Amino acid sequence: QVQLVESGGGLVQPGGSLRLSCAASVSIFNINRMGWYRQVPGKQRELVAAIFWSGSTNYADSVKGRFTISRDNAKNTMYLQMNSLKPEDTAVYYCNALWVSGSRDYWGQGTQVTVSS
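This text gives an overview of the structure that appears in the document. All figures in this text were calculated on a predicted structure; none of them were measured in a lab. (Residues numbered from 1 in each chain as written. Predicted model: local features only at pLDDT ≥ 70, side-chain atom pairs only at ≥ 80, totals over all residues. Heavy atoms only, no water.)

So, about the nonpolar core. Burial of nonpolar side chains together is a common tendency in soluble globular proteins. Residues Met34, Trp36, Leu80, Met82, Tyr93 and Trp99 are the most contacted members of the largest nonpolar core, which totals 30 residues. The set of elements that each furnish at least two residues to this core consists of strand E3 (18-24), strand E4 (33-39), strand E5 (46-52), strand E7 (67-72), strand E8 (77-82), strand E9 (91-98) and strand E11 (111-115). With near-sequence residues (within four places) excluded, methionine 82 lies in contact with Gly16, Ser17, Leu18, Leu20, Arg66, Phe67, Tyr93 and Val113. (Core = buried A, V, L, I, M, F, W, Y, C linked by side-chain atoms within 4.5 Å. Buried < 20%, exposed > 50% of the residue type's maximum accessible area, 1.4 Å probe, protein only. Helix = DSSP H or I, 4+ residues; strand = E, 2+ residues; numbered from the N terminus. Contact = heavy atoms within 4.5 Å.)

Sheet architecture is open: four strands sit in the order E1-E3-E8-E7, paired in antiparallel fashion. The strands lining the two open edges of the sheet, one partner per strand, are strand E1 (4-7) and E7. Neighbour to neighbour, the strand axes of the sheet diverge by 15 degrees on average, direction disregarded. Sheet topology places E7 next to E8; six bridges connect them, and they run antiparallel. Across the sheet, residue aspartate 72 finds its bridge partner in E8, namely threonine 77. (Pairing = 2+ DSSP bridges. Axes fitted to C-alpha atoms, helices over the stretch in contact; angles between N-to-C directions.)

So, about the environment of serine 62. Here serine 62 lies in the loop between strand E6 (57-59) and E7. As for serine 62 and glutamine 3, which are separated by 59 residues in sequence, their C-alpha atoms are 29 Å apart.

Turning our attention to the pattern of salt bridges. According to the stated counting rule, one finds four salt bridges in the structure shown. A salt bridge links glutamate 46 to arginine 38; the nearest nitrogen and oxygen atoms lie 2.7 Å apart. The class for glutamate 46 is partly exposed, based on a relative accessible area of 36%. A relative accessible area of 6% places arginine 38 in the buried class. We note a salt bridge from aspartate 89 to arginine 66, for which the minimum N-O separation is 2.8 Å. Placement of aspartate 89 in the loop between E8 and E9 and of arginine 66 in the loop between E6 and E7 is noted, with a sequence separation of 23 residues between them. Arginine 66 matches aspartate 89 in its accessibility class, with the two residues each being buried. Shared partners join several salt bridges into a network, and the residues in it are Arg38, Glu46, Arg66 and Asp89. (Salt bridge = Lys/Arg side-chain N within 4 Å of Asp/Glu carboxyl O.)

So this is what it looks like as structure tokens:
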């Protein structure tokens, strides 16, 4: 059974930084794609950043230059380094993983990020 466990969320002041982690219960060595999404109450879940099997990445325009997605295959873990945080980054952040294109994807339970003074 595949499990994704996020950690690293919390309360931070505007301009601060946080690093989110997503630990997978199985190998991510040949994974097709992993990504971070976020959701606020009353709004659709939105893609924040994604990283592909090749190592290529893409980002939502709202986080470009501030967030960095990465992964460590040896630890089966994906990260999201978030810098220069803004109040509008406040959301529940979810980890998503797709091992094989066309198959089902998996979600973590989410971790709350609150940016407030």
